[in-house]
Amino acid sequence: KLPSAARRVNRRSLTVRATVSVPTLPIPGADEVLSCPDIRSRLVARPSPFVAHNNFGGAFVSDEDRVALTAMRFGSSKSAGAAQYFAGAELGSGGNGDGQHVNWMEASLEQLTAPLPPWAVRAGARETIYHDPRHTTAAIVTCGGLCPGLNDVVAGLVNKLTDYGVPEGNILGIRYGFKGFYDKEHKPTVLTKRSVDGIQLQGGTILGTSRGGANMKEIVKRVDMWGVDML
């Protein structure tokens, strides 16, 4: 045990550390953000069920957090994918041809055909949510070509929805892409933590997939009929 004087010092030092505030640093060009429309104005705001433990000790994301969309600075106009961005950029900029004096945001996507703003809103858990988990029905569907990690995504969604408090039986897995909404041979399956345990070790997607031919009218009809409010 620590002596009483040491305990007092220790408590005092902890108090000082807890009350130190971290300054908010301005982000250059933070008003140039990729548009992300929402319908919050039509929904009821409520505290996240994770507020009690500060998101398991990991804290929450702020709506003011930004993620840079441009992750590369080309060192030369000869670098792969750089030519389209350097074309004309150095004219009148005082550059020496190596790209070091060009004052612009370099994009990391070579195939980009439309300019992107420098920032996007950061994803992540918020202190405020806009759904009532107790009355939420969610559906998960995988469509089109497969990419690595789909089963991990499905499992992650099911686990996190359950952690938020979505009742067991209210998370549906749509089979074989969008057509699974109305395919009489492949009914939706109920997804639970137990049913997705370990699926990240399997390839592909446990839900199956398909390409094209989606009947949007039938999909909307089923979404409404099943009361799905998260897809």
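Residues numbered from 1 in each chain as written. Predicted model: local features only at pLDDT ≥ 70, side-chain atom pairs only at ≥ 80, totals over all residues. Heavy atoms only, no water.

Peer 1: Got a minute to help me understand the environment of Phe50 in this structure?
Peer 2: Along the chain, Phe50 falls in the loop between β1 (46-47) and β2 (66-68). For Phe50, a relative accessible area of 3% corresponds to the buried category. Remark: the alpha-carbon pair of Phe50 and Ala125, spanning 75 residues in sequence, is separated by 8.9 Å. The residues touching Phe50, leaving out its near neighbours within four places in the chain, are Asn55, Phe56, Phe60, Lys160, Asp163 and Tyr164. (Helix = DSSP H or I, 4+ residues; strand = E, 2+ residues; numbered from the N terminus. Buried < 20%, exposed > 50% of the residue type's maximum accessible area, 1.4 Å probe, protein only. Contact = heavy atoms within 4.5 Å.)

Peer 1: Teacher, can you tell me more about the packing of aromatic side chains here?
Peer 2: For any pair of aromatic rings, the description consists of the separation of the ring centres together with the inter-plane angle of the planes. Summed over all chains, the structure comprises three aromatic pairs. Consider the rings of Phe50 and Tyr164, whose centres lie 4.3 Å apart with planes at 40°: the pair is tilted. Here Phe50, found in the loop between β1 and β2, pairs with Tyr164, found in helix α3 (residues 150-164); they are 114 residues apart in sequence, far enough to count as distant. Exposure class is identical for Phe50 and Tyr164. Each is buried. Here the aromatic residues Phe50, Phe56 and Tyr164 are joined through ring pairs into a cluster of three or more. (Phe/Tyr/Trp six-rings, centres within 6.5 Å; stacked < 30°, edge-to-face > 60°.)

Peer 1: Would you take a moment to explain helix α5 (residues 216-226) for this structure?
Peer 2: Structural remark: α-helix, 3.6 residues per turn; residues separated by three or four positions point the same way. Turning to α5, its buried residues number three or more, namely Ile219, Arg222 and Val223. The buried residues of α5 occupy an angular sector of 100° when the element is viewed end-on, so they sit on one face. Every exposed residue of α5 that faces more than 90 degrees away from the buried side is listed here: Lys217, Val220, Asp224 and Met225. A side-chain oxygen of the first residue of α5 lies 3.2 Å from the backbone nitrogen of Lys217; this N-cap is Asn215. (Arc of directions from axis to C-beta. Polar contact = N/O pair within 3.5 Å; in protein donor to acceptor, adjacent residues only side chain to side chain.)

Peer 1: What should I look at first to understand the pairing of strand β6 (residues 171-174) in this one?
Peer 2: Regular strands place their side chains on alternate faces of the sheet. Where burial is concerned, the two faces of β6 agree: the one with Ile171 and Gly173 and the one with Leu172 and Ile174 are both buried. Strand direction decides the pairing type here: strand β5 (residues 138-141) and β6, joined by four bridges, are parallel. Its bridge partner lying in β6, Val141 is registered against Ile174. Each parallel crossover has a hand, and the one from β5 via α3 to β6 is right-handed. In this structure, β6 lies alongside strand β7 (residues 189-190), joined through two bridges in antiparallel fashion. Bridge pairing links Leu172 to Val190 in β7. (Pairing = 2+ DSSP bridges. Right-handed = clockwise from strand over helix to strand, strands pointing away.)

Peer 1: What should I look at first to understand the environment of Arg194 in this one?
Peer 2: Tracing the backbone through its elements, the reader meets Arg194 in helix α4 (residues 193-196). Distance from Arg194 to Val158, taken between C-alpha atoms, is 9.8 Å for residues 36 residues apart in sequence. At a separation of 2.8 Å, a polar atom in the side chain of Arg194 contacts the side chain of Glu168.

Peer 1: Any chance you could explain the sheet that holds β5 here in plain terms?
Peer 2: To summarise the sheet geometry, strands pair through backbone hydrogen bonds and adopt either a parallel or an antiparallel arrangement. Strand order in the open sheet formed by three strands is β5-β6-β7, with mixed pairing between adjacent strands. Of all the strands in the sheet, just β5 and β7 have a single pairing partner and so form its edges. Of the strands in this sheet, β5 and β6 are in contact with α3, which crosses β5 at around 175°. (Axes fitted to C-alpha atoms, helices over the stretch in contact; angles between N-to-C directions.)

Peer 1: What should I look at first to understand the side chain of Asp183 in this one?
Peer 2: Its location among the elements puts Asp183 in the loop between β6 and β7. Only 2.9 Å separates the side chain of Asp183 from the backbone nitrogen of Glu185, close enough to count as a polar contact.

Peer 1: Help me out: how do you make sense of the nonpolar core in this one?
Peer 2: General note: in soluble globular proteins, nonpolar side chains tend to be found buried as a group. Ranked by size, the top nonpolar core spans twelve residues in total: Ala138, Ile140, Val154, Ala155, Val158, Leu161, Val166, Ile171, Leu191, Val196, Ile199 and Leu207. Listing elements by their share of this core, those giving two or more residues are β5 and α3. In this structure, Leu172, Ile174, Ile219 and Val223 belong to the second largest nonpolar core, which totals seven residues. (Core = buried A, V, L, I, M, F, W, Y, C linked by side-chain atoms within 4.5 Å.)

Peer 1: I'm lost on the side chain of Ser210 in this one. Help?
Peer 2: Along the chain, Ser210 falls in the loop between α4 and α5. Since its relative accessible area comes to 18%, Ser210 is described here as buried. Not counting chain neighbours up to four residues away, the residues in contact with Ser210 comprise Cys143, Gly144, Tyr176, Gly177, Phe178 and Lys179.

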